[in-house]
Amino acid sequence: YYVARKAGDEPGTLYRIPIMGGVPLKVKDDLASPVTFSPDGKRFAFVRESATESMLIVADLQSGNEQTLIKRRLPEVLDYPAWSPQGGSIVCIDYNSAIASATGSHVQLIEVGIGDRRERALSRQTWGYVRKVAWLGDASGFVISARAEDETPFIHLWFVSYPGGNVRA
């Protein structure tokens, strides 16, 4: 699977290509983020943006049916979803794109329950920028590629424990 974008800020399209090669198959249009797959491989999550909203969406891989988990009114933005290894939640970043200072955008990590759509802040720390979120296989935490708000221009890998939210670079 891969997401392709045309030049500019056009939304991306998710494609699937056979392991042995062949013609890519279009799976889903209008993606504003990378995708993350459920542990059973039957669903995937992504962010879609409209003119007024940023939405975290879960879609069924076979049927394409969608369910919106949470929404933010722009300029608040969701991005970089990562499905938990147990399958019950998705971690993503949440930030206000109108706050763009020299130290960044005050990015926060949140967890969203798949079944109940409940949101929970995962750490008290905020970052200037986050570029990727990846769970550890044992669900003890996740790693992010991010820049602290007080660091310029250095990007580090950070470990965030789960569920405690303790952070270390």
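Residues numbered from 1 in each chain as written. Predicted model: local features only at pLDDT ≥ 70, side-chain atom pairs only at ≥ 80, totals over all residues. Heavy atoms only, no water.

Section: the environment of D40
Next up, step 1: Positionally, D40 belongs in the loop between β4 (36–37) and β5 (43–49).
Next up, step 2: Taking the C-alpha atoms as reference points, D40 and Q67, separated by 27 residues in sequence, lie 17 Å from one another.
Next up, step 3: Among the polar contacts made by the side chain of D40, one reaches the side chain of S38 at a distance of 2.6 Å.
Next up, step 4: At 2.9 Å, the side chain of D40 and the backbone nitrogen of K42 are in polar contact. (Helix = DSSP H or I, 4+ residues; strand = E, 2+ residues; numbered from the N terminus. Polar contact = N/O pair within 3.5 Å; in protein donor to acceptor, adjacent residues only side chain to side chain.)

Side note on the side chain of T13
Next up, step 1: With respect to the helices and strands, T13 occurs in strand β2 (residues 12–16).
Next up, step 2: On the accessibility criterion, T13 (12% relative accessible area) is buried. (Buried < 20%, exposed > 50% of the residue type's maximum accessible area, 1.4 Å probe, protein only.)

Considering the nonpolar core
As a rule of thumb, soluble globular proteins bury nonpolar side chains together.
Next up, step 1: In this structure, L109, W127, V130, V133, F142 and I144 are the most contacted members of the largest nonpolar core, which totals 18 residues.
Next up, step 2: Going through the elements one at a time, β8 (76–83), β9 (89–96), β12 (127–135), β13 (141–148) and β14 (156–161) are the ones with two or more residues in this core.
Next up, step 3: Ranked by size, the runner-up nonpolar core spans 13 residues in total, among them A45, L56, L69 and W83. (Core = buried A, V, L, I, M, F, W, Y, C linked by side-chain atoms within 4.5 Å.)

Some details on the pattern of salt bridges
Next up, step 1: By the definition in use, this model includes 8 salt bridges.
Next up, step 2: The salt bridge involving R72 is made with E76; its shortest N-O contact spans 3.6 Å.
Next up, step 3: Look at R72 and you get buried, because its relative accessible area is 11%.
Next up, step 4: One network of salt bridges, with partners in common, ties together K28, D30, R48 and E66. (Salt bridge = Lys/Arg side-chain N within 4 Å of Asp/Glu carboxyl O.)

Considering the packing of aromatic side chains
Next up, step 1: Summed over the entire model, instances satisfying the criterion amount to 7 aromatic pairs.
Next up, step 2: Residues F37 and F44 carry aromatic rings whose centres are separated by 6.1 Å and whose planes lie at 50 degrees to one another, so their mutual orientation is tilted.
Next up, step 3: Of the residues examined, F37 reaches a relative accessible area of 27% and is grouped as partly exposed.
Next up, step 4: Taken together, Y1, F37, F44 and F46 form an aromatic cluster joined through their ring pairs. (Phe/Tyr/Trp six-rings, centres within 6.5 Å; stacked < 30°, edge-to-face > 60°.)

Comments concerning the pairing of strand β6 (residues 53–60)
Next up, step 1: Of all 8 residues in β6, 6 are buried, a share of seventy percent or more.
Next up, step 2: Strand direction decides the pairing type here: β5 and β6, joined by 7 bridges, are antiparallel. Across the sheet, residue E49 finds its bridge partner in β6, namely S54.
Next up, step 3: Hairpin geometry of β5 and β6 is characterised by an intervening segment of 3 residues between the two adjacent antiparallel strands.
Next up, step 4: Bridging between β6 and strand β7 (residues 66–73) involves 7 bridges; their strand directions are antiparallel. Residue S54 lies in a different strand from β7, and its bridge partner there is R72.
Next up, step 5: Taken together, β6 and the strand that follows it, β7, pair antiparallel across an intervening segment of 5 residues, in which G64 is found at a positive phi of about 85 degrees. (Pairing = 2+ DSSP bridges.)

Purely spatial values, then, with no claim about function.
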